[in-house]
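# Observations on the three-dimensional arrangement
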Amino acid sequence: MDDLSRRGFLFTATLALTLASGSPASAAGPPGAGWFARPRRAVRPMVRWWWPDAHVDPAEIRREVDRLADAGFGGAEIAAVHHSIRDKSLLDPAGHGWGTPAWNAAVEAALDQAARRGLAIDLTIGPSWPAAVPTITPEHPAAVKELAHGSVAVAAGATYAGEAPPPAVAGRPARTPLLVQAARLDPANSTRKETGLDPASVVQVPVSDGRVDWTAPAEGEWVLIAYWERGSGQRPESGPHTAPEAYVVDHFSRAGTQAVIDYWESRLLTPAVRRLLKRAGGALFEDSIEIESDALPWTTGLLAEFERRRGYSLAPFLPVVVLADEDPVFAYDAVLTRHARKDYWDTVSELFNEHHFGMLRDWAHSIGLELRAQPYGLQTDAIAAAAILDVPEGESLGFKNLDDYRCLAGGRDLAGHEVLSCEAGAYAGGAYTTTWKKLLRTVGGAYAAGLNQVVLHGFSYATAPGATWPGFAAFTPYSGTVGYAESWGPRQPTWGHVDDISGYFARVHLVLREGAPRADVAVLRQTGYTKTGIGAAWFTASGIPTGWTHQFVSAPLLDLPAARVSGRRLAPSGPAYKAVFVEGDRFYASECTMTVAVARRLLEYARAGLPVVLLGAWRSASVPGVAAEGENERLRAVLADLLAEPFVRLIADQAELPDALAALGVRPDVRYATASTLLAAHRVAGEVDYYYLCNGKHGENVKPPVTPIDHDVTLARTARDGVPYLLNPWTGRAERLALHTTDADGIRLRVRLQPGESMIVAIGPPGLFGTPPWQGPHVTATDADLVRHSDSALVLRASRAGTYTTELSDGRTLTTSIGPLPEPVPLSSWHLTVEDWQPGPSPVETVKLEHSLDLDRLTTWADLPALADVSGVGTYTTRVEMDWAGGAYLELGEVTDTCRVRVNGRRLDPVDQINPVVDVGPYLRRGTNTIEVEVATPLGNRLRTVDPSVYGGLTRQPYGLIGPVRLVPYGEGHLTTPGPGVQGP
């Protein structure tokens, strides 16, 4: 058996199939004006659509599809979830459960209406999670399995006669043990929690009718260990959803997956559903793999599969891989124990990816669906799984840093897939208090790490048995208190502004799916876990703050057809990595381990000119599992050849990494002089480079907090004559940037971003996005606020009077005068009209009372007695006398939550909800101007009083227009026109 098969690399054929759809296609021809302004439906955000099983009305289902379409969403994922319904007697799993005729009728209505409205509908794989079906029992061959152990001490020379030691952890009964072993205790191998054993002493003990009769050798203390294979009896979350009750399937066997397929084929795929899936079907979805066991995850036949894949028997190593209450029990010496456990989990990972995801994906394709899944939760190779899935998915709740996304992005991009989605906004205790600003900040950093599809968590069906106002919410109440996430939808005051938000998401998604991704470095992981928060040496802490981008790849990905080197780039038509970085296995004591096959592949890369940097003691490396005879020596011989290559560097400390990369000629695509919280994603479509830039980190409450940034950034460009464009994801407008410098490295421009704020820069040929052609020079420096293109002219803008100097790319220096300007105008007096949302006569009806106040200063609603517990929509109106013909910015300051602006009756473009500063210049006039700011809030403050038993503990949120608000006048002057610029009054 050769190294590749013996190490059990993930079935190359299955991974290769993931390339069938090819790389994502770029837009046909140069993007025009409408491409960005009106993004296609396929890139719009989605929602998780929670149904209380089939306690739904098809007519209401159709209405909710319409509401999602009208709000600018692209699809919904139907899920049977009702954690908030504690009285399960209100449910009817036999008549209204998952998979019943009532369920199928509702799914048909959703698919039919989605087809009419151009939406896509995703279907979850089972009732709640993990994947389960009601056609199996816990003892069925397709049901989830575990291996429990029992042990008893046996003194030297003593005899044990009796039943095999029963399982140490309670569970379902097992009739006969899988096998029984004896081992001698070895205190030298003991740890704080594990009992040490001598591996050379392990022997198999005969079992007859479940009984053991064994005499210990005369020397040492011994332990007798019995292993019991049994069904775990795990059921999906918050059931019952079916009658009979569903049980979780075995995710490591073909039988488990086939049970899911058979149920769908026989019960769920009605002729109407099959027909409608071709019109509106999106993906089959599986949530994170939350296999719950107090013993060891197992599958029938694992011993034989292990030996076939690893080349040796697992039986002598069972003592060190068994678990009790999720903890290991026994240990050999540290290295042997670590290697045996690594081999066990690698085998389980291969079975999981092959028998579950690979098989499900192929079947999903056969019925016209893709497979979308969260491929983590167990100690399996999620990076490799991401290459199998059509759409891998992460989550904002469980992911601990942005490297968790970069793991999935590596698998996606090397497989040539397009989408990495995110279960976004599942905040603990966030029900009815989550703001869109919080969600925007959460996903802002994730976009830079590879995310390009938001699936909001979530959108609840209108009502359910026992629901109270404002309607059914899948996860709240949760254990009697405020639940998870948010129930977005028409019940929320902010829903009236949601198309501004969905438009923003869609434009970001559009750009982040255009062309092919780019990442500077591939970090090779020996163990492909994610949802761990464990990053990469130097890159995570130091490389990202200085512009570097990286992704993670695991060994199976190196067998993909795309994982080849050309032009000193790995996967040149995809992420086009400039280098590979390898460190010790951070999940297994940072040991320098590598298979011989991977070492040979790296040697092939280096000889093709790809830079490779290794950190650690690689000259004495070992294979990751239990080594076959001579295997470590073969590995070290290949590594010696690798380290002799001119494009390879071996470093002893991560601080040496930047110098090593520089010596190899590797530089990041995004560069700036000082460390920054700027995050970047880069994609290339033909001759156009797209950069998504965000000032942020992972999550909301990062320490130290993110602060505003203002510094130069150099962006690499593909087209030698490429010019920069600013694409505004809020308004959909594109404009050519007048101020920048060019050099051999790319385009240098100034980036100013508030915490959480983002911007999109494109670099490509002149005339993109419907912008007018410009043949003149561009601006390389100015001391004004900005310079912009306007009607084939360069226009300078400043908010202070004075003479400004501007340098042009043709070497000229121009001066422009801005005449007297009015002082900024504070806007503190407002008339406020509030729609106060309160319970109506039914759980789904809302009464809107009106409050009217005159304010001489801005403050939160919580500080105003009449509005202290009000949630709803407030309209702030003020009038301003202007003796001024120029422009002005409206700075809104702090707003909770969403806002829109009207000036003199005209609704303006959507407001950047992170940095709410609006250019109102085109809409102001001399004389009286009316400014309106409409603010919508969450429902939390009202629910504190409506349902105090659940929400009474919430702290009042600071709703409203809080400010400070002011008008900041500016003046403009044409650079190409002689004489002074626009003067003040």
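Look up a bit, the structure's there.
Let us look at the structure shown here. This structure is a prediction, so every number in the text was calculated from the model and none was measured. Per chain, the residues get numbers from 1 upward, laid out in the order the sequence is written. Restriction of local features to residues with pLDDT of at least 70 applies here, the model being predicted, together with a cutoff of 80 or more for giving and counting side-chain atom pairs; totals for whole chains, interfaces and linings are based on all residues. Neither water nor hydrogens contribute to the side-chain values; these are computed over all heavy atoms in the structure.

## Focus: the overall build of the protein
Note on conventions: DSSP H or I runs of at least 4 residues are helices, E runs of at least 2 residues are strands, and numbering of each starts at the N terminus. If you tally the helices and strands in the protein, you get 21 helices and 55 strands. Relative to the globule expectation of 30 Å for 985 residues, the C-alpha radius of gyration of the protein, 31 Å, shows essentially globular dimensions. For the protein, the spread of C-alpha atoms along the principal axes amounts to about 105 × 75 × 50 Å. Three exposure classes are used, based on accessible area relative to the maximum for each residue type with a 1.4 Å probe and protein chains only: buried under 20%, partly exposed in between, and exposed over 50%. For the protein, buried positions account for 62% of its 985 residues. For the protein, restricting intrachain contacts to residue pairs at least 6 apart in sequence, the fraction spanning at least 24 positions comes to 79%. The Shrake-Rupley method, run with a 1.4 Å probe sphere, supplies the accessible areas, and residue values consider only the shown protein chains as cover. Element-wise, carbon and sulfur atoms account for 50% of the exposed surface of the protein, whose accessible area totals about 35200 Å². Charged side chains in the protein number 90 positive and 111 negative. The centres of these two groups are separated by 4 Å. Our radius of gyration looks at C-alpha atoms and nothing else; its globule reference is 2.2 Å times the residue count to the power 0.38. Any two residues whose heavy atoms approach within 4.5 Å are treated as being in contact. Charge counting treats Lys and Arg as positive and Asp and Glu as negative, with His and both chain ends excluded. For the purpose of locating charges, the reference atoms are NZ of Lys, CZ of Arg, CG of Asp and CD of Glu.

## Examining the packing of aromatic side chains
By convention, a stacked pair of Phe, Tyr or Trp rings (six-membered ring in the case of Trp) has centres within 6.5 Å and planes under 30 degrees apart, an edge-to-face pair has planes over 60 apart, and any other such pair is tilted. Taken as a whole and assessed by the stated rule, the structure comprises 36 aromatic pairs. Centre to centre, the rings of Trp-98 and Tyr-263 are 5.3 Å apart; their planes meet at 15°, and the pair counts as stacked. Here the residue Trp-98 occupies a position in the loop between α5 (93-96) and α6 (101-117), and Tyr-263 occupies one in helix α7 (residues 254-268), the gap between them amounting to 165 residues. Classification of Trp-98 by relative accessible area gives buried; the value is 3%. Taking relative accessible area as the criterion, Tyr-263 reaches 4% and is therefore assigned buried. Seen from their ring centres, Tyr-344 and Trp-345 are 5.0 Å apart, and the 75° between their planes marks the pair as edge-to-face.

## Some remarks on the sheet that holds strand β36 (residues 741-743)
With antiparallel pairing, four strands are arranged side by side in an open sheet as β30-β33-β37-β36. The two strands at the open ends of the sheet, each matched to only one other strand, are β30 (670-671) and β36. Whether two strands pair comes down to DSSP finding at least two bridges between them. Sheet topology places β30 next to strand β33 (residues 709-715); two bridges connect them, and they run antiparallel. Bridge pairing links Arg-671 to Thr-714 in β33.

## What to know about the environment of Leu-650
Here Leu-650 shows up in strand β29 (residues 648-651). Between the C-alpha atoms of Leu-650 and Leu-614, which are 36 residues apart in sequence, the distance is 4.9 Å. Ignoring sequence-local partners within four residues, the contact set of Leu-650 consists of Leu-614, Gly-616, Trp-618, Arg-619 and Leu-643.

## A few points about the packing of helix α17 (residues 596-607) against helix α18 (residues 631-643)
Only the stretch in contact is used when a helix axis is fitted, and all axes are lines through C-alpha atoms; the angle between N-to-C directions ranges over 0 to 180 degrees. Axis separation between α17 and α18 bottoms out at 9 Å; the angle between their running directions is 10°. Here α18 runs roughly parallel to α17, going by the angle between their axes. Listed contacts from α18 to Val-596, Ala-599, Arg-600, Leu-602, Leu-603, Ala-606 and Arg-607 of α17 are Glu-631, Arg-634, Leu-635, Val-638, Leu-639, Asp-641 and Leu-642. Ten residue types, Ala, Val, Leu, Ile, Met, Phe, Trp, Tyr, Cys and Pro, are classed as nonpolar, four, Asp, Glu, Lys and Arg, as charged, and the remainder, Gly among them, as polar. Residue classes in the contact of α17 with α18 are distributed as nine nonpolar, no polar and five charged. When an angle is under 35 degrees it counts as roughly parallel; over 145 it counts as roughly antiparallel; between 65 and 115 it counts as roughly perpendicular; any other value is oblique.

## Section: the pattern of salt bridges
Where charged atoms from two side chains of opposite charge approach closely, those side chains can pair. What counts as a salt bridge is simple: a side-chain nitrogen of Lys or Arg found within 4 Å of a carboxyl oxygen of Asp or Glu. Following the criterion strictly, the structure yields 61 salt bridges and no others. Of the charged contacts, one joins Lys-531 and Glu-395 as a salt bridge, the two residues approaching to 3.9 Å between their closest N and O atoms. In this pair, Lys-531 sits in the loop between β23 (521-525) and α16 (539-543) while Glu-395 sits in strand β19 (residues 391-395), placing the two residues 136 residues apart along the sequence. Between Arg-586 and Glu-583 there is a salt bridge, with its nearest N and O atoms 4.0 Å apart. Each of the salt bridges in this network shares a partner with another, and the network as a whole consists of Arg-48, Glu-77, Asp-122, Asp-287, Arg-372, Glu-393 and Glu-423.

## Observations regarding the pairing of strand β28 (residues 612-615)
Along β28, one buried face is formed by Val-612 and Leu-614 and the opposite face, lined by Val-613 and Leu-615, is buried too. Sheet analysis places strand β27 (residues 579-582) next to β28, joined by three bridges and oriented parallel. For Phe-581, the partnering residue across the bridge sits in β28 and is Val-613. Looking down the strands as they point away from you, a crossover is right-handed if its path from the first strand over the helix to the second goes clockwise. Crossover handedness for the path β27 to α17 to β28: right-handed. Bridging between β28 and β29 involves four bridges; their strand directions are parallel. Bridge pairing links Val-612 to Val-648 in β29.

## Overview of the state of the cysteines
For this text, the term disulfide refers to a pair of cysteine sulfurs within 2.5 Å. Taken as a whole, this structure holds zero disulfides when the rule is applied. Between Cys-694, a cysteine without a disulfide, and Cys-422, which holds the nearest cysteine sulfur, the sulfur-to-sulfur distance is 14 Å. The class for Cys-694 is buried, based on a relative accessible area of 1%. Looking at Cys-899, it has no disulfide partner, and the nearest cysteine sulfur is the one in Cys-694, 19 Å off.

## Quick word on the environment of Lys-578
Here Lys-578 lies in the loop between β26 (569-570) and β27. The class for Lys-578 is buried, based on a relative accessible area of 11%. For the pair Lys-578 and Gly-665, spaced 87 residues apart in the sequence, the C-alpha separation amounts to 9.3 Å. Residue contacts for Lys-578: discarding those within four places in its chain leaves Ala-519, Asp-520, Arg-568, Arg-569, Leu-610, Pro-611, Val-666, Arg-667, Pro-668 and Asp-669. Of the polar contacts made by the side chain of Lys-578, one reaches the side chain of Asp-669; its length is 2.6 Å. Whenever two N or O atoms come within 3.5 Å, that pair is a polar contact, provided that in protein one can donate a hydrogen and the other can accept it, and provided that, for residues adjacent in sequence, both atoms are side-chain atoms.

## Topic: the nonpolar core
For our purposes a nonpolar core is just a set of buried Ala, Val, Leu, Ile, Met, Phe, Trp, Tyr and Cys residues, chained together by side-chain atoms within 4.5 Å. If you look at the biggest cluster of nonpolar residues, it comprises 171 residues, and the most contacted ones within it are Trp-49, Trp-51, Phe-505 and Tyr-692. When residues in this core are grouped by element, the largest group, 11 residues, is from helix α11 (residues 334-366). With sequence-adjacent residues up to four places away left out, Phe-505 is seen in contact with Pro-45, Trp-436, Leu-439, Leu-440, Val-443, Tyr-447 and Val-454. With 60 residues, the next largest nonpolar core counts Val-553, Leu-558, Leu-614 and Leu-661 among its residues.

## Let's talk about the packing of α7 against α11
The N-to-C vectors of α7 and α11 enclose an angle of 25°; their axes lie 9 Å apart at closest approach. When the interaxial angle is binned, α7 and α11 end up roughly parallel. In this structure, α7 meets α11 at a crossing whose hand is right-handed. For the pair formed by α7 and α11, the contact residues are Arg-254, Thr-257, Gln-258, Ile-261, Trp-264 and Glu-265 on the first element and His-355, His-356, Met-359, Leu-360 and Trp-363 on the second. In terms of residue class, the contact of α7 with α11 is made up of five nonpolar, four polar and two charged. A crossing counts as left-handed when the near helix is turned anticlockwise from the far one by less than a right angle, and as right-handed when that turn is clockwise.

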